Amino acid sequence: MIATLKNAKRVIGIKQVTKAVKNDLAKCVYIADDADDRVLSPLKELCRTKNVEMIFGSTMAELGKSCNIEVGAAAVALLEGDTVN
C-alpha cells in the first residue's frame, strides 16, 4: 500500500498536506505513527471534517523513504486522480 507513494501524485509534509485537504485535492492522507500528535491533531481533525481517509501504521522514516526523500515525513497526501492499492 505504501509502495504506491513512490510514483504517485502526492504532496509531502504537514503544511502541504493540510493545504491539499483544505482545497479538496487529497484522496487520502498517510500519517506517521511516530510524529508529534500535538502537531498532527489539526490535520487529523481537518481530515475528519472533510471525510478524507487517514491511513496509519507507518513511521516517519518509512513515509519519507516511500516518497524518495532522505528525511522523514509526518504526513503525505495522495492526490485525486491516483488510486490506492
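From a predicted model like this one, the values you see are computed outputs, not experimental measurements. (Residues numbered from 1 in each chain as written. Predicted model: local features only at pLDDT ≥ 70, side-chain atom pairs only at ≥ 80, totals over all residues. Heavy atoms only, no water.)

Caption draft 1: The arrangement of unusual backbone geometry in detail. For asparagine 51, which is not glycine, the phi dihedral falls at a positive 60°. Position of asparagine 51 among the secondary structure elements: in the loop between α2 (37–50) and β3 (53–58). Residue classification places asparagine 51 among the exposed residues on the basis of a relative accessible area of 70%. Positive phi values are uncommon outside glycine, yet asparagine 68 reaches one of about 60°. Positionally, asparagine 68 belongs in the loop between α3 (60–66) and β4 (75–79). Taking the relative accessible area as the measure of exposure, asparagine 68 reaches 53% and is therefore exposed. (Helix = DSSP H or I, 4+ residues; strand = E, 2+ residues; numbered from the N terminus. Buried < 20%, exposed > 50% of the residue type's maximum accessible area, 1.4 Å probe, protein only.)

Caption draft 2: Structural context of the side chain of threonine 18. Looking at the element boundaries, threonine 18 is found in helix α1 (residues 14–22). According to the relative accessible area criterion, threonine 18 is buried, its value standing at 19%. In this structure the side chain of threonine 18 is engaged in a polar contact, spanning 2.7 Å, whose partner is the backbone oxygen of isoleucine 14. Residue contacts for threonine 18: discarding those within four places in its chain leaves Leu43 and Leu46. (Polar contact = N/O pair within 3.5 Å; in protein donor to acceptor, adjacent residues only side chain to side chain. Contact = heavy atoms within 4.5 Å.)

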